[in-house]
Amino acid sequence: MRKPLSIRALLSCSAFLLICSFSSLILATPAEEAELERLDKIERELELQRDWAKYRWEKTNSECYQKYWVNRCLSESRAEYRREIDPIRAQEVDLHEVQRKLRASLKDQRDAKKIAERASPEKAAERASNQREFEEKQKAAAARAADLDQRRKDAPKRAQENKAGTQLD
């Protein structure tokens, strides 16, 4: 069974998360991604602690039904669960705030990169080339459709000419 973090460890981790959330997040993208992965690992550990606390609470609750003072036992069990889960929940709130800031920063950097790529002369030339090719294809398709329409209109006339030309006199 995994031992839950001590109060001192929880407070130090919580203080670290608060400092990170208030500091400016001007980091290089790889560093931000590594930090985000590290925070995801911390989040998984907190979820594991939460799951174990819930398991212990549910086990205690089931044991309460074997006692005479069921409601008192259940309320004590709930109070113990709250004492255990509140520090975890506080850490998760701080952690999620830092994660949101990191994800927003990464998204802003990706968006800035996309904007810079779109503004580059190479991309502008490529878009213009693609536009010209598209217009040429549209004109060719329109010409083929007009030719096909004209052939359909001329079909009875050609059939008559063919019929007249194949008769032997």
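Quick notes on the rules
Residues numbered from 1 in each chain as written. Predicted model: local features only at pLDDT ≥ 70, side-chain atom pairs only at ≥ 80, totals over all residues. Heavy atoms only, no water. Helix = DSSP H or I, 4+ residues; strand = E, 2+ residues; numbered from the N terminus. Buried < 20%, exposed > 50% of the residue type's maximum accessible area, 1.4 Å probe, protein only. Contact = heavy atoms within 4.5 Å. Salt bridge = Lys/Arg side-chain N within 4 Å of Asp/Glu carboxyl O. Axes fitted to C-alpha atoms, helices over the stretch in contact; angles between N-to-C directions. Parallel < 35°, antiparallel > 145°, perpendicular 65-115°, else oblique. Left-handed = near helix turned anticlockwise from the far one by under 90°. Nonpolar A, V, L, I, M, F, W, Y, C, P; charged D, E, K, R; others polar. Disulfide = S-S within 2.5 Å. Core = buried A, V, L, I, M, F, W, Y, C linked by side-chain atoms within 4.5 Å. Phe/Tyr/Trp six-rings, centres within 6.5 Å; stacked < 30°, edge-to-face > 60°.

**Observations regarding the overall build of the chain**
Here comes step 1: Looking only at helices and strands, the chain has four helices and zero strands in total.
Here comes step 2: For the chain, the N- to C-terminal ordering of α and β elements is α-α-α-α.
Here comes step 3: Burial analysis of the chain (169 residues in total) assigns 18% to the buried set.
Here comes step 4: For the chain, restricting intrachain contacts to residue pairs at least 6 apart in sequence, the fraction spanning at least 24 positions comes to 77%.

**As for the pattern of salt bridges**
Here comes step 1: Going through the model one piece at a time under the given rule, you end up with eleven salt bridges.
Here comes step 2: Between Arg-38 and Glu-35 there is a salt bridge; the shortest N-O distance is 2.8 Å. Highlighted residues: Arg-38 and Glu-35, both in helix H2 (residues 29-64), separated by three residues, approximately one helical turn.
Here comes step 3: Residue Lys-107 pairs with Asp-111 through a salt bridge whose shortest N-O separation is 2.9 Å. Here Asp-111 and Lys-107 lie together in helix H3 (residues 70-119), a separation of four residues that amounts to about one turn.

**Considering the packing of H2 against H3**
Here comes step 1: Where H2 contacts H3, the two axes come as close as 9 Å, and the packing angle between them is 165°. By the angle between their directions, the pair H2 and H3 is classed as roughly antiparallel. Between H2 and H3 the crossing geometry is left-handed.
Here comes step 2: Counted by class, the contact of H2 with H3 contains 17 nonpolar, ten polar and 14 charged residues.

**Comments concerning the state of the cysteines**
Here comes step 1: Under the criterion given, the structure shown has one disulfide.
Here comes step 2: Residue pairing for Cys-64: its cysteine sulfur links by disulfide to Cys-73, the two sulfurs lying 1.9 Å apart. Of note, the bridge from Cys-64 to Cys-73 carries an S-S torsion of about -65° and is left-handed in sense. Here Cys-64 matches Cys-73 in class, with each residue buried.

**Describing the nonpolar core**
Here comes step 1: Grouped together as the largest cluster of nonpolar side chains are twelve residues: Leu-36, Leu-39, Ile-42, Leu-46, Ala-53, Tyr-81, Ile-85, Ile-88, Leu-95, Val-98, Leu-102 and Leu-106.
Here comes step 2: Contributions of two or more residues to this core are made by H2 and H3.
Here comes step 3: Here the element with the most residues in this core is H3; it accounts for seven residues.
Here comes step 4: Each residue touching Leu-36, except ones within four places of it in the same chain, is listed here: Gln-99, Leu-102, Arg-103 and Leu-106.

**Remarks on the environment of Leu-106**
Here comes step 1: With respect to the helices, strands and loops of the structure, Leu-106 is situated in helix H3.
Here comes step 2: Sequence separation between Leu-106 and Pro-30 is 76 residues, and the spatial gap between their C-alpha atoms is 9.6 Å.
Here comes step 3: Leu-106 has contacts with Thr-29, Glu-32, Glu-33 and Leu-36, leaving out every residue within four places of it along the chain.

**Observations concerning the packing of aromatic side chains**
Here comes step 1: Within the structure shown, the criterion is met by three aromatic pairs.
Here comes step 2: For the pair Trp-52 and Tyr-55, a centre-to-centre distance of 5.5 Å together with 90° between the ring planes defines the contact as edge-to-face. In this pair, Trp-52 and Tyr-55 are both assigned in helix H2, three residues apart and thus about one turn of the helix distant.
Here comes step 3: The class for Trp-52 is partly exposed, based on a relative accessible area of 27%.
Here comes step 4: When the ring of Tyr-68 is compared with that of Trp-69, the centres are 5.1 Å apart and the planes differ by 85°; the resulting orientation is edge-to-face. For the residue pair Tyr-68 and Trp-69, the accessibility class agrees, reading exposed in each case.

By themselves, these are just geometric observations and shouldn't be taken as functional.
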